[in-house]
Amino acid sequence: MNILVVGSGGREHTFAWKLIQSHKCSNLYMAPGNAGTEGIGQNIAIAVGDFEGIKNLIIEKDISLVIVGPEAPLVDGIREFLLQDDRLKNLKIVGPGTEGARLEGSKDYAKQFMVRHGIPTADSRTFTKVTLPEAKEYLKTVKMPIVLKADGLAAGKGVIICQNLEEATDTIDKMLAQSMFGEASDSVVIEEFLAGIELSVFVLTDGNSYKILPEAKDYKPIGEKNTGPNTGGMGSVSPVNFAQGDFLDKVEQRVIIPTVNGLKKENIDYQGFIFIGLMNVMGDPYVIEYNVRMGDPETEVVLPRIESDLVDLMEATAGGTLSEHKLKIDPKTATTVVLVAGGYPDAYKKGDVISGIESKVDNTVVFHAGTKMQGESVITNGGRVLAVTGLGENMEEALDRSYQKASKIHWKDVYYRKDIGQDLMELEQ
Ligand code: AMP
Ligand code: GLY
């Protein structure tokens, strides 16, 4: 079968790497892909927001399965756009329609969904420009720190944790009155701060049944010991040692089952990934956010641990036959270390030549994120450039491999965190 992956990051390279391992994948297309996906599949220079271009490509290349990597095209209705064309009636798409995608596209909608279905989450209230004075009064009554969240998509930057009333009042002003995040902060969710350890849980659903994929922990801040501004993710690990047995059972019973049933009850036909950001608060799970896609760089540690054929799983997800499939998970540990351009997440340079990607370290895979080809060279083309995944019998071994390989890769001003997974290793001691 011919398959299309929409997107251009490390997540999409990982999908390509895993899909091509299936004998069912005849031709793989990437729109637009990156230097890492060229050669695995065929990169086609169509942007993720160019729905018309994507539709024409699907028709021209006789593509029968589409996997949508990032959230923006889902929130913007790519699913409905493609399926409304008679020629694409039988097209299978992994990724929800606009109604399901609101779980990520609006934090307020997600909150109300959780409240309707009794899913544990932090207490919150939502305010708009009109109710800004009430928001300021409300802030005087809450415990600090407090979390302010832009309602809409803000490229992962829309959450601000305020330590005191002055900071919170100033921030709510900037978000609501001064449109700090454009339209995304026309509404703001003010949410109780949850103290705990975070993890990400991934669910695949065809709208009826579901499969729980390996969990992962993401390292968002740029600096070691989780300091400095947030990034798209500087590394991740799977499995997560504190999230086994009893805790994962609670996640399934209290969060996953009510989420999938909630979608069904509300007649939201959902075929795709649900990425649940959770806080473990003294052994109990609370939902911080829903995303309607896989995480990046979590995909780079989750997919390498899935032994089952990914084409089978994707087809079953999009076709409503997931219950007929068994998910086989590799017990090994996977870790990934993200190599970024110097300066990221602030201003950074593009166009530096990367060397050492081909150097040999067993049990590692380099996934490209922001790269492109220039002649024979691979050059940097984004803030997050590469994700170096290592596999091992335990976290120490996997990390050792990731870091060995990372140390062989060079370009001017390359930077990566040296402490991915350290917090979890300390928990074990
Ligand atoms: P989000 O964009 O929703 O993933 O939020 C970004 C980050 O803010 C999360 O990864 C958490 O570290 C933090 N965060 C979000 N909500 C809360 C909360 N209620 N309590 C504590 N930290 C939070
Ligand atoms: N790594 C977090 C995300 O993909 O949203």
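(A) Examining the site of ligand 2 more closely. Neighbouring ligand 2 are Asp218, Gly232, Phe275, Arg293, Gly295, Asp296, Pro297 and Glu298. Between ligand 2 and the protein, one listed contact pairs a nitrogen atom with a backbone N or O atom of Asp296 at 2.9 Å. Glu298 is positioned such that a nitrogen or oxygen atom in its side chain is 2.9 Å from a nitrogen atom of ligand 2. Protein coverage of the free-state accessible area of ligand 2, which is 200 Å², stands at 88%. Looking at the shell around ligand 2 residue by residue, the class counts come to two nonpolar, two polar and four charged.

(B) Here's a closer look at the nonpolar core. Ranked by size, the top nonpolar core spans 69 residues in total, and within it Leu4, Ile58, Ile276, Tyr290, Leu339 and Leu386 carry the most contacts. The leading source of residues in this core is helix H9 (residues 245-265), at six residues. What Leu339 contacts, discounting residues up to four positions off in sequence, is Gly383, Arg384, Val385, Leu386, Val388, Ala406, Ile409, Trp411, Val414, Tyr415 and Tyr416. Residues Ala216, Leu303, Ile306 and Leu313 belong to the second largest nonpolar core, which totals 31 residues.

(C) Fine view of the sheet that holds strand E10 (residues 197-205). Strand order in the open sheet made by the four strands is E11-E10-E16-E17, with antiparallel pairing throughout. Two strands lie at the open edges of the sheet, namely strand E11 (210-212) and strand E17 (284-291), each paired on one side alone. If you compare each strand with its neighbour and ignore which way they point, the axes differ by 30 degrees on average. Where E10 lies against E11, three bridges are found, and the strand directions are antiparallel. Note that in E11 the partner of Val203 across the bridge is Ile212. Packed on one face of the sheet, H9 meets E10, E11, strand E16 (272-281) and E17 and runs near 40 degrees to E17.

(D) Quick peek at the pairing of strand E7 (residues 146-150). Within E7, five of the five residues are buried, which leaves the element mostly enclosed by the surrounding structure. Side chains of E7 alternate between two faces, with Ile146, Leu148 and Ala150 and Val147 and Lys149 buried alike. Sheet analysis places E7 next to strand E8 (residues 159-162), joined by four bridges and oriented antiparallel. Counterpart to Ile146 in the pairing with E8 is Cys162. In this structure, E7 lies alongside strand E9 (residues 187-192), joined through five bridges in antiparallel fashion. In the strand pairing of E9, Ala150 is matched with Val188.

(E) Representation of the site of ligand 1 in the model. Neighbouring ligand 1 are 14 residues; Glu191, Glu192, Leu194, Glu198 and Glu289 lie closest to it. Residue Glu192 places a main-chain N or O atom 3.0 Å away from a nitrogen atom belonging to ligand 1. Starting from 480 Å² of accessible surface for ligand 1 in isolation, the protein chains cover 91%. Looking at the shell around ligand 1, the elements that each hand over two or more residues are E7, E8, E9 and E17. Its residues assigned to classes, the shell around ligand 1 shows seven nonpolar, no polar and seven charged.

Cut-offs and rules
Residues numbered from 1 in each chain as written. Chains lettered and ligands numbered in written order. Predicted model: local features only at pLDDT ≥ 70, side-chain atom pairs only at ≥ 80, totals over all residues. Heavy atoms only, no water. Near = heavy atom within 4 Å. Polar contact = N/O pair within 3.5 Å; in protein donor to acceptor, adjacent residues only side chain to side chain. Areas by Shrake-Rupley, 256 points an atom, 1.4 Å probe, with all protein chains shown as cover. Nonpolar A, V, L, I, M, F, W, Y, C, P; charged D, E, K, R; others polar. Core = buried A, V, L, I, M, F, W, Y, C linked by side-chain atoms within 4.5 Å. Buried < 20%, exposed > 50% of the residue type's maximum accessible area, 1.4 Å probe, protein only. Helix = DSSP H or I, 4+ residues; strand = E, 2+ residues; numbered from the N terminus. Contact = heavy atoms within 4.5 Å. Pairing = 2+ DSSP bridges. Axes fitted to C-alpha atoms, helices over the stretch in contact; angles between N-to-C directions.

Limitation: the analysis is restricted to geometry and does not speak to function.
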